[in-house]
Amino acid sequence: MMQQGDGQGLVPLLAKATFEGSNEPKPQGTRGGTGQQSTWAQRVGSAVLYCAASLLITLSNKIVLTSFDFPSAELLGLCQLAATVAVLTLGRLLKVVRVPPLSGAVLRVAWPLPCLFLANLLFGLAGTKSLSLPIFIALRRFTIVMTMLAEVVLLRTMSMAKMLAGRVGLTAWRRRSTWLGLMLVVMVLLVCLQFYSEPTYLRIFNLVPPKSHSSNLIGKDNRNQDKVHASSYSAKVEVSTPYVEGNEVQRNYEEEQRAANAYFNMPSRDDIYNRRQQTQETEKSKSGTTTTLSSTTTKNLNNSMTLTVKSFNTTGNLINTAASITVSSPTATKKHTNNQTASLTTKVITATQRSKKEPDYLEQQGITRVALNPKNPYIPPHRLVHFDLKGAPPKMTYLLQLLPIFKQLGATGVLLEWEDMFPFKGPLASVAALNHYTEEEVIQLLTKCKELGLEVIPLVQTFGHLEFVLKIEQFSNLRELPDIPQALCPSKNSSFKMVTKLLHQVYELHSKVTRPRYIHIGCDEVFTMGECDLCRKKARDDVFLDHVAKVAGFVRSQFNATPIIWDDMLRHLMPDQLRKIGDLVEPMVWVYAENVYHFVQTSVWDKYASSFPTAWTASAFKGAFGETINVPNAKRHLENNLRWLEVMTNENRKFRGGFSGIVITGWQRYDHFATLCELLPSGLPSLALDMLATSRGYFNQSLRSPLDSAMNCPASSRHMVSLDRDAFLWERFSSCAFPGAAVFRVMSRLENLERDTEEFLLLVRKKKAWLTDYNVRHNFTTPLRLNELMQDHSRLQHSALSVSKQARDALSEVFDQHTVGEWLEQKMQPLLEVLERVGADSTALRRRIFWPVRPLPQGPALRKFGIDLH
């Protein structure tokens, strides 16, 4: 401890004030009460020890909060406080440190210290995540100095205030309640400063500052535009009244609904700021003169329009008719000088209709308007989840855990694409993967589906995407092109025999539990068709249709099941061609992008409806927007599914039997030879949103409760999702405990690691000029610059090793060791190797202490490309 006579430190000042307010004897320049004076070396050693401990704590906090993404800085601070109290208590018991006993006098003197420390904790530790480590350390050191100065000033100010108060007789300064009140005021001010900004304030309390709103009656003309506003206490009206030839009034439903929703729907706390910006941009985009009308008065102008306002209840029934409002338009030309009126009836949205409208909620999520009606939604009869099992089979125990969740979310069945994971036998035994499912596991899965009432549709490719069969030498003679194992040659009889054996074995094993009513026979993306000598004798379309008709006829006659095929090979065909298979198959129309009509136009739907009595549709929850991504973009996939609901609502009545259902696909690979894309556990949050939307016919905040229940999420979340800022659902589902949640969380760390590593490599290899390939090749650089460039290398290398081990453990709960090893080799090994290579290059460059003069010798690399400088 520093001596009291020093007079220039926080500790002696506090000690002096403490003992002045207590009855205990004062230590006279002693350490630990032993009477032994502290030496200069002991004091310096204490300061150095404090600095080292502070630095280690800072680094530990940064690693825990940023690298390991610990969610609560406050909890971390409380844990550190508890550890400090425990250490001091132990030290006091061992008589290593001396702590004055807790008393009222000590509290009255020392209370500013915990207040300042708490403020430092709230503003410092909580901001650690948002700052880089160098900036944070600098600010932390500056904060400590300022805290010490503030403590000295505050303690001295308190002493002076007490002295003056005693002299003038103000005894209130000596009261404990006075100081407690001041402390409370300071804390309230600190909290207010922290949450001062309006967007944060609104997010915390879910409030909207009051604003004046008015309804719009928009008059539009080819030559001019005018706005006439009418506002009332009970209703908001927005209609469009374009001035056209003959003074005909046309109603703009889209503008009416947008204005009504903007007025009544309360946005969620996470989206108010974005919503306000959108509203301001919309208001700026509108031009013209604005005239405000009250609910009881009108302005009579030369040209008028009579507006009859009617109110409807939630079922659409008329409940009252308001007085008519006469609105004038000053833009009449000489051709229309006579007073002309037009009667327009509009729906008024009253206070009883303030329930959240689904289009508005979706717009807040960044999804453009989707024409769905939550009150009368279209719900597909069948809603199936697609299991793509090729080459990366989840453990059967994991699949059995998922089925009840799918049922709870609204699924009615599953589409099982076994590919090489099916236990083929006999002549097809060589097709099955070495880690394929056993017959007992297949029976176990099918039995569980039957118990839950989930219909099972097996998918067996019979034309294209037969790589898992055609890659084998035994079946290579069936290829359409000898060097490409993508599609078989349908003109060979042996090809049809092989296909029927595939279908037979899958059907027989499924039938041991439940006979399939449908069998999906694939037939999509037949890239190599009509290329061999046999197939060139016929038109390509006839080759395709003849093979489909032959396989479909076999399925119907042998299994009494309905064949389903993907539709992409049918879209260009004419109706008379489609009728050849119209009574044999049911097409499954698949589009995974947001704009469904861009890929399948209305004319295609008309053509399908005239050729097939019914059809299926297929959306996606993963495996559609990138061959190597780790987690699906839930926002894009949700919009894809909502667009499908919109399309099915519009096109359903065209088919005699309507739509049969929708399949939400989740691809594990883009084809048999591709590397893994999003794994099944990574896509479960996206699937949950999509299945809820398709099984309800809409998507809004009313689905939060079933979503949290199915995904085992805590009830602390106050909002559904915030897709506009959390498109991958990291924030929303990071605390949930659904099967495979650990894998989902690992992917979040991997995303951050990949981004940081990419930025690091771009910096050291491209942007900076001391660790490029040229520097490495010629062993020519300066160690000073290398030290600067390699500051983040150790952290990234440590993070890569940590993520690899965490991923191994999490994936092992879901997949077998082969899939875990494949994923680690594809995702983690490249990161580890590139970081190791950079480290090795840096180490080799540092060994050199003497460097040659320029010019450096020209290497032979250019000569092998035929570029010779001599």
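Anything mentioned here points back to the structure above.
Residues numbered from 1 in each chain as written. Predicted model: local features only at pLDDT ≥ 70, side-chain atom pairs only at ≥ 80, totals over all residues. Heavy atoms only, no water.

## Comments concerning the overall build of the chain
A count of helices and strands for the chain gives 28 helices and 18 strands. Evaluated residue by residue, the chain yields a buried proportion of 46% over its 870 residues. Restricting the contact set of the chain to residue pairs at least 6 apart, pairs at least 24 apart contribute 73%. Roughly 44,000 Å² of accessible area belongs to the chain as shown, and the carbon and sulfur atoms make up 57% of that amount. (Helix = DSSP H or I, 4+ residues; strand = E, 2+ residues; numbered from the N terminus. Buried < 20%, exposed > 50% of the residue type's maximum accessible area, 1.4 Å probe, protein only. Contact = heavy atoms within 4.5 Å. Areas by Shrake-Rupley, 256 points an atom, 1.4 Å probe, with all protein chains shown as cover.)

## Considering a nonpolar patch on the surface
On the surface, L88, L90, L94, V96, V97 and V99 cluster together into a nonpolar patch covering about 520 Å² of accessible area. In this structure, L88 sits in helix α3 (residues 73-93). Classification of L88 by relative accessible area gives partly exposed; the value is 42%. (Patch = residues over 30% accessible without salt bridge, like charges linked within 9 Å, V, L, I, M, F, W, Y side chains within 5 Å. Salt bridge = Lys/Arg side-chain N within 4 Å of Asp/Glu carboxyl O.)

## Topic: empty space enclosed by the protein
Per the stated rule, a full pass over the model turns up eight cavities of 30 Å³ or more. The calculated volume of the second largest cavity comes to roughly 80 Å³. Considering the residues around the second largest cavity, the lining is formed by E417, W418, E419, F422, F424, L459, V460, Q461, F468 and V506. (1 Å grid on protein atoms, 1.4 Å probe; cavity = no way out; pocket = protein on both sides within 12 Å on 5 of 7 lines; lining within 4 Å. Points joined across faces, edges and corners; volume = space filled by probe spheres on them.)

## Focus on the side chain of E419
Note on placement: E419 falls in the loop between β10 (413-417) and α13 (439-452). For the buried E419, no salt bridge is present, and the opposite-charge side chain at shortest range is K390, 5.0 Å distant. A distance of 3.0 Å separates a polar atom in the side chain of E419 from a polar atom in the side chain of H672. The residues touching E419, leaving out its near neighbours within four places in the chain, are K390, F424, H465, F468 and H672. (Lys, Arg positive; Asp, Glu negative; His and termini not counted. Polar contact = N/O pair within 3.5 Å; in protein donor to acceptor, adjacent residues only side chain to side chain.)

## Observations regarding the state of the cysteines
Applying the stated criterion across every chain yields a total of one disulfide. Here C713 engages in a disulfide with C736; their sulfurs sit 1.9 Å apart. Across the S-S bond linking C713 and C736, the dihedral sits near 105 degrees, which makes this disulfide right-handed. Of this pair, C713 sits in the loop between α22 (704-710) and α23 (730-733) while C736 sits in the loop between α23 and α24 (741-767), placing them 23 residues apart in sequence. Here C532 is not cross-linked by a disulfide; its sulfur's nearest cysteine counterpart is in C489, at 3.4 Å. (Disulfide = S-S within 2.5 Å.)

## Some remarks on the pairing of strand β15 (residues 562-566)
Across the five residues of β15, five count as buried, placing the element largely inside the fold. Pairing between strand β14 (residues 518-520) and β15: three bridges, direction parallel. Bridging across to β15, H520 finds its partner in I564. Running through helix α16 (residues 540-559), the crossover from β14 to the neighbouring parallel element β15 is right-handed. Bridging between β15 and strand β16 (residues 586-590) involves three bridges; their strand directions are parallel. By the bridge assignment, I564 is partnered in β16 with E586. (Pairing = 2+ DSSP bridges. Right-handed = clockwise from strand over helix to strand, strands pointing away.)

## Overview of unusual backbone geometry
Backbone torsion omega between R854 and P855 reads 0 degrees, so that peptide bond is classified as cis. Within the secondary structure, P855 sits in the segment after α28 (817-846). Positive phi, close to 50 degrees, is recorded for E419, a residue that is not glycine. Judged by its relative accessible area of 8%, E419 is buried. In this structure, C523 is a non-glycine residue whose phi angle is positive, near 70 degrees. Topologically, C523 is positioned in the loop between β14 and α16. What makes C523 buried here is its relative accessible area of 1%.

## What to know about the packing of aromatic side chains
As enumerated under the stated definition, the model contains 20 aromatic pairs in all. Here F463 and F544 contribute two aromatic rings whose centre-to-centre distance is 5.9 Å and whose plane-to-plane angle is 15 degrees, an arrangement assigned as stacked. Placement of the pair is F463 in the loop between β11 (455-459) and α14 (467-470) and F544 in helix α16, with a sequence separation of 81 residues. F544 matches F463 in its accessibility class, with the two residues each being buried. For the ring pair F728 and W730, a centre distance of 6.3 Å and an interplane angle of 20 degrees mean the geometry is stacked. Since its relative accessible area comes to 33%, F728 is described here as partly exposed. Taken together through their ring pairs, the aromatic side chains of W605, Y608, F612, W644, F655 and F659 make up a single cluster. The ring of F625 is capped by R636, whose NZ or CZ atom sits 3.8 Å from the centre of that ring. In this structure, R732 is placed above the aromatic ring of F733, and the distance from its NZ or CZ to the ring centre is 5.4 Å. (Phe/Tyr/Trp six-rings, centres within 6.5 Å; stacked < 30°, edge-to-face > 60°. Lys NZ or Arg CZ within 6 Å of the ring centre and 35° of its normal.)

## What to know about the pairing of β11
Within β11, five of the five residues are buried, which leaves the element mostly enclosed by the surrounding structure. Of the two faces of β11, the one lined by E455, I457 and L459 and the one lined by V456 and P458 are each fully buried. Where β10 and β11 come together, five bridges link them in parallel fashion. Residue G413 lies in a different strand from β11, and its bridge partner there is E455. In terms of handedness, the path from β10 via α13 over to β11 forms a crossover that is right-handed.

## Brief notes about the packing of helix α12 (residues 396-409) against helix α21 (residues 680-696)
Put simply, α12 and α21 touch, their axes get as near as 9 Å, and they point 25 degrees apart. Taken together, α12 and α21 sit at an angle that is classed as roughly parallel. The interaxial crossing formed by α12 with α21 has right-handed handedness. In this structure, α12 contributes Y398, L399, L402, F406 and L409 to the contact, and α21 contributes L680, P681, L684, L687, A688, M691, L692, S695 and R696. A class-by-class count of the residues in the contact of α12 with α21 yields twelve nonpolar, one polar and one charged. (Axes fitted to C-alpha atoms, helices over the stretch in contact; angles between N-to-C directions. Parallel < 35°, antiparallel > 145°, perpendicular 65-115°, else oblique. Left-handed = near helix turned anticlockwise from the far one by under 90°. Nonpolar A, V, L, I, M, F, W, Y, C, P; charged D, E, K, R; others polar.)

## Some words on helix α19 (residues 602-611)
Looking at α19, one finds that the buried residues are V604, W605, K607, Y608, A609 and S611. Those residues of α19 that are buried lie in contact with α17 (575-578), β16, α18 (596-599), β17 (615-622), α20 (634-651) and β18 (659-666).

Interpretation in functional terms is not warranted from these geometric data alone.
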